[in-house]
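Listed below, chain by chain, are the residues.
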Amino acid sequence: MRPDPAIPGLSPAGCFDVLSHRLADVLVAPARRRAIRDAARQLPPVPRLALEIRLGGGVAAVDGAVDLHQMITRREDDPLILRHHLDQGGGAWAGGGLTGFLRDWAADEGGLQDRFDQLYLEWDAPTDGAGPHLPALFLASDLRFEAADSRAARRDTLRRVVAGLCNAQDGRLSDALFAVVDGPVSIGHVGVMSGRSNAIRVNYRGIGPADLPGLLGRLGWPGNVAAVSGHFAALVEAADRVTVGVDLVDGALQPSIGLEIFCDHPLPSARWDRILDHLCRHDLCAAEKRVALGEVEATIAVDDADRPWPAAWILPTIRGPRDAWPMVRCHVSHLKLAIAADGVAQAKAYIAAEHHWQIGHGRPAEVTLPAGLAFHPRPSIPEAVADAVGFLLRARQQNGLWGDFNRINGGCNNWVTGVAALALAATGGEDARAGAAAALQVLCGRVRPGGGWGHNEIAPVDTDTTASIIKALMAVAAPESLPVVAAARDFLRGHLTDGGFQTYGAGTAIRFAEDGVVDTGWRASHACVMANCALLLPDRLIPLLQRNQAADGSWRPYWWRSPAYPTALAAEALAAHGDRAAVDRAVAWARRQDPAAQSPFRAAAIARVLIAGGDRAGAGDVLAGLLSRQLSDGSWMTGADMIWPRPDQMDGHMDFLDVPDDRRVFTTAGVLLAFAAATACT
């Protein structure tokens, strides 16, 4: 919670003051800064602000316009702050229709906050001496994986709001805009740009490169599809997701188009580099601005002597939560490629600053129910499996892979895809196996020289990722993958050492480690990785697993918070090898756990240990509990508890970051594998 909104201080203007120290003049010219700050002072005093900055070079870009953005959520005290701001005479920039909507939303009239838990306001560039322009308002349309009835109700409310803001009660959004939505494609947001002749912008997401021309054709988009498609395909390959925005004026589609480009991790990183490389190759991003973007990312605390804390924030800081520490995160949220009617393209960056209260350190973030979802128990394992398969097939990224664990190092797509494909193949369903095969075909094109994979396309190769992909390829058993599997097995053999097995080989450059960082911990032998690879090199790794079993029957992890997942992998490998005594010790450990008190991911791993040991009744009880915890979209709550140890730590649990599976893909795949194991032994 923030301090009482009546206390002056926390504001978007303060966010701009903090952010200014991260912005090179080439991004925001000194002559522009006063107008930006003056405009920010007139916005609702929710301490968030984003700047929309043009990335092109040349004389015209030296004093380029900077637009303002603000996100207002239903969380914390945002609605109360907004309502207080409007009651005190703020919001003169909004105009009658928008002011009325903002008041209704702040008061939650008709459940508006349930329909729209976030508002996005966008103002065109301010000028000296003038207040903010009439802003655009963007509202969520289709939440990802939202139930059909909830989505229909949200769309109906959205149509009424858009019609009201456009002063055209009979000018509802055309059904044709929604009719093109099919399969993974959905409408992310719809915006009313009141300052631009009430134009309407519709943002589509989940579009594959091969599907873009067909979608634009069904819409009747009048622009140059070929010119857009080349940019789109390259950006989809590099980014986590790319949305497509089209504009309507008086109901007519315009030939302009926008591609919004998102990566779920900080800039700078090699994942962002691929996107910026594309923009720079096409002269859409000036070299000096690219460098300046890499200097934006920072989390700034109140006691940081090198970065002045806004004076107006001192009182709110003192009166803030006693167990929290005030922080401001500055970062590049996403990029945009806008292509005009004449085909001229312009790239933009969205740079955000947000105040938040940091509570605690080094512990997992609270897991909350995702928006638009609810618990929806399934009556049987086959129904749960069918819905989980549906979730995974819908959760594929636009490049055909799955991604998860996006908090650090560019996220994980190769590794997660291997595990998700293995889970789908294990179900035996035709659609599931086809989805797995299609994703694995993409991975076969990503194999590195020498036969391995990194956890994403730019990460160094590692044995854990490689083993997960080999197992999936073997499960699908595509003949064309056999040479790839053979080379990858040779890659694994190269990581055997005297008495150990490495995650990263001695000759592998760990490029994402900082210069001078000791990485002996990451290059050591890890039981959790050994367990994943054991059945691929059984003659060497099975004896190592046997020697590494802890006295309580589990296997101690390096890359995981709990021993549940590595113990499941080890128990399955040793059961296949016929080591009954070691598996019985693992089962004894599993029986001492309380699955109901664990995340679904850990509970599924415990069930896999019990299944490996032949305890079908015990496993059945655990799996029955998982049926009751399935979400309405077919997934299970985030619970895969990967950690990121400091590279020099031999004991991964001494100093680490939590990296949860934020997209729920890995957890859902883990539960599917438990159900598949149970089915296979009946």
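What counts, and at which threshold
- Residues numbered from 1 in each chain as written.
- Predicted model: local features only at pLDDT ≥ 70, side-chain atom pairs only at ≥ 80, totals over all residues.
- Heavy atoms only, no water.
- Helix = DSSP H or I, 4+ residues; strand = E, 2+ residues; numbered from the N terminus.
- Rg over C-alpha atoms; globule rule 2.2 N^0.38 Å.
- Buried < 20%, exposed > 50% of the residue type's maximum accessible area, 1.4 Å probe, protein only.
- Contact = heavy atoms within 4.5 Å.
- Areas by Shrake-Rupley, 256 points an atom, 1.4 Å probe, with all protein chains shown as cover.
- Lys, Arg positive; Asp, Glu negative; His and termini not counted.
- Charge placed at Lys NZ, Arg CZ, Asp CG, Glu CD.
- Core = buried A, V, L, I, M, F, W, Y, C linked by side-chain atoms within 4.5 Å.
- 1 Å grid on protein atoms, 1.4 Å probe; cavity = no way out; pocket = protein on both sides within 12 Å on 5 of 7 lines; lining within 4 Å.
- Points joined across faces, edges and corners; volume = space filled by probe spheres on them.
- Nonpolar A, V, L, I, M, F, W, Y, C, P; charged D, E, K, R; others polar.
- Phe/Tyr/Trp six-rings, centres within 6.5 Å; stacked < 30°, edge-to-face > 60°.
- Salt bridge = Lys/Arg side-chain N within 4 Å of Asp/Glu carboxyl O.
- pLDDT = per-residue confidence, 0-100.
- Axes fitted to C-alpha atoms, helices over the stretch in contact; angles between N-to-C directions.
- Left-handed = near helix turned anticlockwise from the far one by under 90°.
- Pairing = 2+ DSSP bridges.
- Parallel < 35°, antiparallel > 145°, perpendicular 65-115°, else oblique.

Chemist: Hey, could you run me through the overall build of the chain in this one?
Modeler: When its secondary structure is counted, the chain shows 24 helices and 17 strands. In summary, the chain has a C-alpha radius of gyration of 26 Å against a globular reference of 26 Å for 682 residues, a match within 12%. The principal-axis extents of the C-alpha atoms in the chain amount to approximately 80 × 55 × 45 Å. Every one of the 682 residues in the chain was classed for burial, and the buried ones make up 56%. In the chain, 69% of the contacts between residues at least 6 apart in sequence involve partners at least 24 apart. When the accessible area of the chain is evaluated, it comes to approximately 27100 Å², of which 52% is carbon and sulfur surface. Taken as two groups, the 65 positive and 76 negative side-chain charges of the chain have centres that lie 2 Å from each other.

Chemist: Got a minute to help me understand the nonpolar core in this structure?
Modeler: Grouped together as the largest cluster of nonpolar side chains are 107 residues, with contacts concentrated most on Phe405, Trp560 and Phe666. No other element matches helix α22 (residues 600-612), which puts 10 residues into this core. The contact partners of Trp560, leaving out residues within four places of it in the chain, are Phe405, Trp415, Cys528, Tyr565, Pro566, Phe601, Ala640, Asp641, Met642, Ile643, His653 and Phe666. Judged by nonpolar contacts, the second largest core, of 98 residues, contains Val181, Leu267, Val332 and Ile339.

Chemist: What is the right way to read empty space enclosed by the protein from this model?
Modeler: It is a probe the size of a water molecule, rolled over the atoms, that shows where empty space is left. Applying the stated rule across the entire model yields 3 cavities of 30 Å³ or more. Roughly 170 Å³ of volume is contained in the largest cavity. Along its surface, the largest cavity is lined by Cys412, Trp415, His455, Asp462, Asp464, Thr465, Thr503, Tyr504, Trp559, Trp560, Met642 and Trp644. Elements represented by at least two residues in the lining of the largest cavity include exactly α16 (463-476) and β16 (641-645). Class assignment for the residues of the lining of the largest cavity results in 7 nonpolar, 3 polar and 2 charged. Of the voids in this model, the second largest cavity is the one considered here, and its volume is about 70 Å³. For the lining of the second largest cavity, the secondary-structure elements that each account for two or more residues are α16, α18 (527-533) and α20 (564-577).

Chemist: What exactly am I supposed to notice about the packing of aromatic side chains here?
Modeler: A complete count under the given rule lists 19 aromatic pairs for this structure. What links up through ring pairs into an aromatic cluster is the set Phe405, Trp415, Trp560, Tyr565, Phe601 and Phe666.

Chemist: How do you make sense of the pattern of salt bridges when you look at a structure like this?
Modeler: For side chains of opposite charge, pairing can occur when their charged atoms come near one another. Inspection of the entire model under this criterion finds 34 salt bridges. Here Arg34 and Asp38 are joined by a salt bridge, their closest N and O atoms 3.8 Å apart. Of this pair, Arg34 and Asp38 are both found in helix α2 (residues 30-40), 4 residues apart, which corresponds to roughly one turn of the helix. Given the relative accessible area of 64%, Arg34 is considered exposed.

Chemist: When you look at α2 in this model, what are you seeing that I'm missing?
Modeler: Since the α-helix advances by 3.6 residues per turn, residues separated by three or four positions end up pointing in the same direction. Residues of α2 that are buried: Arg33, Ala35, Ile36, Ala39 and Ala40. Check the buried side of α2 and you find it contacts α1 (12-20), β1 (48-54) and β2 (66-73).

Chemist: Explain the environment of Asp323 to me, please; I cannot follow it from the model alone.
Modeler: Residue position: Asp323 is located in the loop between α12 (314-318) and β10 (325-339). The class of Asp323 is exposed, set by a relative accessible area of 54%. Remark: the alpha-carbon pair of Asp323 and Ala438, spanning 115 residues in sequence, is separated by 49 Å.

Chemist: Explanation requested: the environment of Trp560 in the structure shown.
Modeler: Tracing the backbone through its elements, the reader meets Trp560 in the loop between α19 (538-548) and α20. As for Trp560 and Asp124, which are separated by 436 residues in sequence, their C-alpha atoms are 46 Å apart.

Chemist: Please clarify how the confidence of the model for the chain should be interpreted in this entry.
Modeler: With 94% of its residues at a pLDDT of 70 or more, the chain shows a mean pLDDT of 89. Here residues 3-7 is a poorly scored stretch, pLDDT under 50, and it has 13 contacts once near neighbours within four places are set aside; other chains count.

Chemist: Just checking my understanding: could you explain the packing of helix α8 (residues 212-219) against helix α9 (residues 225-238) for this structure?
Modeler: For any two helices packed against each other, one specifies the crossing angle of their axes together with the interaxial distance. Relative orientation of the contacting elements α8 and α9 amounts to 140°, with a least axis distance of 10 Å. Our pair here, α8 against α9, has a crossing hand that is right-handed. Counted together, Leu212, Pro213 and Leu216 of α8 and Val225, Val228, Ser229 and Phe232 of α9 form the full contact between these two elements. A breakdown of the residues in the contact of α8 with α9 according to their chemical character gives 6 nonpolar, 1 polar and no charged.

Chemist: Explain the pairing of strand β7 (residues 241-249) to me, please; I cannot follow it from the model alone.
Modeler: Two faces make up the sheet, and in a regular strand the side chains alternate between them. Most of β7 sits out of view: 7 of its 9 residues are buried. Note: strand β6 (residues 199-205) against β7, 5 bridges, orientation antiparallel. Paired with Asn203 across the two strands is Gly245, which belongs to β7. The turn linking β7 back onto strand β8 (residues 252-262) is made up of 2 residues, and Asp250 within it adopts a positive phi angle of 55°.

Chemist: Can you help me understand the packing of α22 against helix α23 (residues 616-627) in this one?
Modeler: Where α22 meets α23, the closest approach of the two axes is 8 Å, and the angle between their N-to-C directions is 160°. With respect to each other, α22 and α23 are oriented roughly antiparallel. The two elements α22 and α23 meet at a crossing, and its hand is left-handed. Contacts between α22 and α23 involve Pro600, Ala603, Ala604, Ala607, Leu610 and Ile611 from the former and Gly618, Ala619, Val622, Leu623 and Leu626 from the latter. Grouping the constituent residues of the contact of α22 with α23 by class yields 10 nonpolar, 1 polar and no charged.

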